[in-house]
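Structural overview
Residue strings, one per chain:
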Amino acid sequence: DAKTTQPTSMDCAEGRAANLPCNHSTISGNEYVYWYRQIHSQGPQYIIHGLKNNETNEMASLIITEDRKSSTLILPHATLRDTAVYYCIVRSFSSNTGKLIFGQGTTLQVKP
Amino acid sequence: GAVVSQHPSRVICKSGTSVKIECRSLDFQATTMFWYRQFPKQSLMLMATSNEGSKATYEQGVEKDKFLINHASLTLSTLTVTSAHPEDSSFYICSASLFPGQLNTEAFFGQGTRLTVV
């Protein structure tokens, strides 16, 4: 499975955009980039995923570089409730199971 | 989105006893479910892949006789922590996908079970 690298922590002002980077330089052609977040003492919550095109949904936007070696998750207007650990995961479908391997993630602190 | 539910959300047990944690897919059938463990201030660690109607696949270093997994139906997987000890105290989380073999489908997670062994 391709390894991801994320900053350990980031701060963001409430109402501003939060841009969370992720490096995945060893990603393979058929591997997707998934983003999840985990609010304290809860199960992870799906945010968004993509292969090579930029994606947007009601929660966030995902920008993937043309060479697919890195991506950025954008929360357009961060709120205090967006404070969480954000995980960038490259999902491998070896053995047809699609398991998710979590790295250390980025702790995002949204401040008033 | 699809819902995955765990029960119980919290459990306290005495050292040496066994504890069963249930993971249910409420509105879809899940042939494959995953079990994770998370210690305080650490990331989720995949323990095993639960396969309906067959044996679970355990990750390296996870004791299969310690963590018994049963996936007897398409909507239920159970994790039994046998002869629990204080070091087994952790946050246990399960997940499932609508279509685990497809490249473009998200996994949904349960709310987690906080196990405390005293």
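Residues numbered from 1 in each chain as written. Chains lettered and ligands numbered in written order. Predicted model: local features only at pLDDT ≥ 70, side-chain atom pairs only at ≥ 80, totals over all residues. Heavy atoms only, no water.

**Structural notes on the sheet that holds strand β8 (residues 76-81) of chain B**
All names here are of chain B. As a reminder, the rule being used: In short, DSSP must find at least two bridges between two strands for them to pair. Helical segments are the DSSP runs of H or I of at least four residues, strand segments are the runs of E of at least two, and each set is numbered from the N terminus. Structural elements are reduced to axes, namely lines fitted to C-alpha atoms, with helices fitted over the stretch in contact, and the angle between N-to-C directions of any two is expressed from 0 to 180 degrees.
The strand order across the open sheet formed by four strands is β1-β3-β8-β7, and the pairing between neighbours is antiparallel. Of all the strands in the sheet, the pair left with one neighbour each is β1 (4-7) and β7 (67-73). With strand direction ignored, the average angle separating the axes of adjacent strands in the sheet is 20°. Sheet analysis places β1 next to strand β3 (residues 19-25), joined by four bridges and oriented antiparallel. Note that in β3 the partner of Ser5 across the bridge is Arg24.

**A look at the interface of chain B and chain A**
Cut-off, in case you're wondering: By definition, residues are in contact when any of their heavy atoms lie within 4.5 Å. Once two parts are put together, the accessible area they lose, assessed with a 1.4 Å probe and summed over both, is termed the buried area. Salt bridge, as used here, is a side-chain nitrogen of Lys or Arg placed within 4 Å of a carboxyl oxygen of Asp or Glu. Think of it as three bins: nonpolar holds Ala, Val, Leu, Ile, Met, Phe, Trp, Tyr, Cys and Pro, charged holds Asp, Glu, Lys and Arg, and polar takes everything else, Gly as well.
The interface is formed by 24 residues belonging to chain B together with 23 residues belonging to chain A. Between chain B and chain A, roughly 1800 Å² of surface is buried when both sides are summed, and carbon and sulfur atoms account for 53% of that area. The interface formed by chain B and chain A holds one salt bridge in total. Where the side of chain B that touches chain A is concerned, the elements lending two or more residues are β4 (32-38), β5 (45-51), β9 (90-97) and β10 (107-109) of chain B. Residue composition of the side of chain B that touches chain A, by class: ten nonpolar, eleven polar and three charged.

**Some thoughts on the nonpolar core**
Selection rule: To define a nonpolar core, start from buried Ala, Val, Leu, Ile, Met, Phe, Trp, Tyr and Cys residues and group those joined through side-chain atoms within 4.5 Å. Using a 1.4 Å probe on the protein chains alone, a residue whose accessible area is under 20% of its type maximum counts as buried, one over 50% counts as exposed, and one in between counts as partly exposed.
Val4, Trp35, Phe67, Leu79, Tyr92 and Leu115 of chain B are the most contacted members of the largest nonpolar core, which has 26 residues in total. Breaking this core down by element, the ones donating at least two residues are β2 (10-13), β3, β4, β5, β7, β8, β9 and β11 (113-117) of chain B. Ala18, Ala60, Leu73 and Cys88 of chain A belong to the second-largest nonpolar core, a separate cluster that totals 21 residues.

**Here's the deal with the side chain of Thr82 of chain B**
Residue and element names in this part refer to chain B. Which entries qualify depends on this criterion: A 3.5 Å cut-off defines polar contacts: any pair of N or O atoms within that distance qualifies, except that in protein one atom must be a possible hydrogen donor and the other a possible acceptor, and neighbouring residues in sequence count only when both atoms are side-chain atoms.
Mapped onto the elements of the fold, Thr82 is located in the loop between β8 and β9. Side-chain polar atoms of Thr82 contact the backbone oxygen of Asp65, separated by 3.1 Å. The contacts of Thr82, once residues within four sequence positions are left out, are Thr17, Ser18, Asp65, Lys66 and Leu68.

**A few points about the pairing of β3 of chain B**
One face of the sheet, then the other: side chains in a regular strand alternate in exactly this way. All names here are of chain B. Burial along β3 is one-sided: Val19, Ile21, Cys23 and Ser25 are buried, while Lys20, Glu22 and Arg24, pointing the other way, are not. Relative to β8, β3 runs antiparallel, the two being bridged by six bridges. If you follow Cys23 over to β8, its bridge partner there is Ser77.

**Description of the state of the cysteines**
Keep this limit in mind: Two cysteine sulfurs form a disulfide in these notes if their separation is within 2.5 Å.
Tallied over the full model, the rule gives two disulfides over all chains. Note on cysteine connectivity: Cys22 of chain A is disulfide-linked to Cys88 of chain A, with sulfurs 2.1 Å apart. Between Cys22 of chain A and Cys88 of chain A, the disulfide has an S-S torsion of -80° and is therefore left-handed. A residue pair is termed long-range when its members are at least 10 positions apart, and Cys22 of chain A in strand β2 (residues 18-23) and Cys88 of chain A in strand β8 (residues 84-91) qualify at 66 residues. The exposure class of Cys88 of chain A is buried, given its relative accessible area of 1%. Across the disulfide from Cys23 of chain B sits Cys94 of chain B; the S-S distance is 2.0 Å.

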